[in-house]
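# Topology and contacts: notes
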Amino acid sequence: MKATGGLAIVALAGCTGGSGPSADTTVDVTLSDFKIELSDSSVSAGRIQFDITNMGPSLHEFVVLKTEIMAGELPTDEDGAVDEAGAEGIELVDEVEDIEDEATATLTLDLDAGHYALICNLPSHYELRMFTDFVVT
Ligand SMILES: [Cu+2]
């Protein structure tokens, strides 16, 4: 959740058009109640395409944060949400909001080496452990 728009590239299921610059690496991301699973938790730096599938049954989102903080130890506010934009040592890279149950989305990012936290930051979802660590080498 954030106030300003990002450059999320969303392709809904069945709509596979588009032929932008090809990615160096593709990571399959599976969202479900309430976890995030990755086909690879460590990849080489470069253009990385996240192919996201929400297995539901709830609405989810996919937020990419660059931070040295472990994904499970991010500071939260009184609502249990992670401060994506304002917290020290946490950089919001990009996100895809509002991925419906059974929908897919694609997010392609040029990622530098470092540690990332991938989270769903819908109310209470982070506290329900919808996060995972991701390392770019
Ligand atoms: Cu969620």
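In what follows, the structure referred to is the one given above.
Just so we're clear, the structure is a prediction, and the values are computed from it rather than from any experiment.

This paragraph deals with the pattern of salt bridges. Overall, the coordinates contain one salt bridge when judged by the stated rule. For Arg47, the salt bridge is made with Asp110, and the minimal N-O distance between the two is 3.1 Å. Taken together, the positions of Arg47 in strand β4 (residues 46–54) and Asp110 in strand β7 (residues 104–111) put the pair 63 residues apart, joining distant regions of the chain.

Our focus in this paragraph is unusual backbone geometry. Peptide bonds are mostly trans, and most non-glycine residues show a negative phi. The peptide bond linking Asp33 to Phe34 adopts the cis configuration, its omega dihedral lying at -5°. Along the chain, the position of Phe34 falls in the loop between β1 (25–32) and β2 (35–38). Residues Gly56 and Pro57 are joined by a peptide bond in cis, for which omega reads 5°. Looking at the secondary structure, you find Pro57 in the loop between β4 and β5 (60–67). Phi at Asp98 takes a positive value of approximately 55°, unusual for a residue other than glycine. The residue Asp98 is located in strand β6 (residues 90–99) in this model. Positive phi outside glycine occurs at Arg129, with the angle close to 75°. Within the secondary structure, Arg129 is located in the loop between β8 (114–119) and β9 (131–136).

Topologically, Leu31 is positioned in strand β1. Given a relative accessible area of 0%, Leu31 falls into the buried group. Note: C-alpha distance between Leu31 and Asn54 (23 residues apart in sequence) is 4.6 Å. Setting aside its immediate chain neighbours within four residues, Leu31 contacts Ile36, Ile52, Thr53, Asn54, Met55, Gly56, His60, Glu61, Phe62, Ile99 and Met130.

So, on to the nonpolar core. Counting 24 residues, the largest nonpolar core has Phe50, Ile52, Phe62 and Phe134 as its most contacted members. Within the residue set of this core, elements represented by two or more residues are β1, β4, β5, β6, β7, β8 and β9. If you tally residues by element for this core, the top one is β7, at four residues. Beyond its immediate chain neighbours, meaning those up to four positions away, Phe62 contacts Val29, Leu31, Phe50, Ile52, Asp94, Glu95, Val96, Ile99, Leu107, Leu118 and Ile119. In terms of nonpolar packing, the next biggest core, distinct from the first, is built from eleven residues, Leu74, Val82, Ile90 and Phe131 among them.

What follows covers the pairing of β4. Regular strands place their side chains on alternate faces of the sheet. Here β1 runs beside β4; their pairing, made up of seven bridges, is parallel. In the strand pairing of β4, Asp28 is matched with Asp51. Sheet analysis places β4 next to β7, joined by eight bridges and oriented antiparallel. The residue of β7 that forms the bridge with Phe50 is Leu107.

Let's shift gears to the coordination of the copper ion. The coordination sphere of the copper ion, as far as protein atoms go, consists of His60 (ND1), Cys120 (SG), His125 (ND1) and Met130 (SD), spread over 2.0 to 2.7 Å. Within one chain, the residues serving as donors to the copper ion are arranged as H-x59-C-x4-H-x4-M. Of this pair, His60 sits in strand β5 while Met130 sits in the loop between β8 and β9; the two residues are 70 residues apart in sequence, bridging distant segments of the chain. The exposure classification of His60 matches that of Met130, with both residues buried.

Calculation criteria
- Residues numbered from 1 in each chain as written.
- Predicted model: local features only at pLDDT ≥ 70, side-chain atom pairs only at ≥ 80, totals over all residues.
- Heavy atoms only, no water.
- Salt bridge = Lys/Arg side-chain N within 4 Å of Asp/Glu carboxyl O.
- Helix = DSSP H or I, 4+ residues; strand = E, 2+ residues; numbered from the N terminus.
- Buried < 20%, exposed > 50% of the residue type's maximum accessible area, 1.4 Å probe, protein only.
- Contact = heavy atoms within 4.5 Å.
- Core = buried A, V, L, I, M, F, W, Y, C linked by side-chain atoms within 4.5 Å.
- Pairing = 2+ DSSP bridges.
- Donors = N, O, S within 2.8 Å, 3.2 Å for Na, K, Ca; no water.

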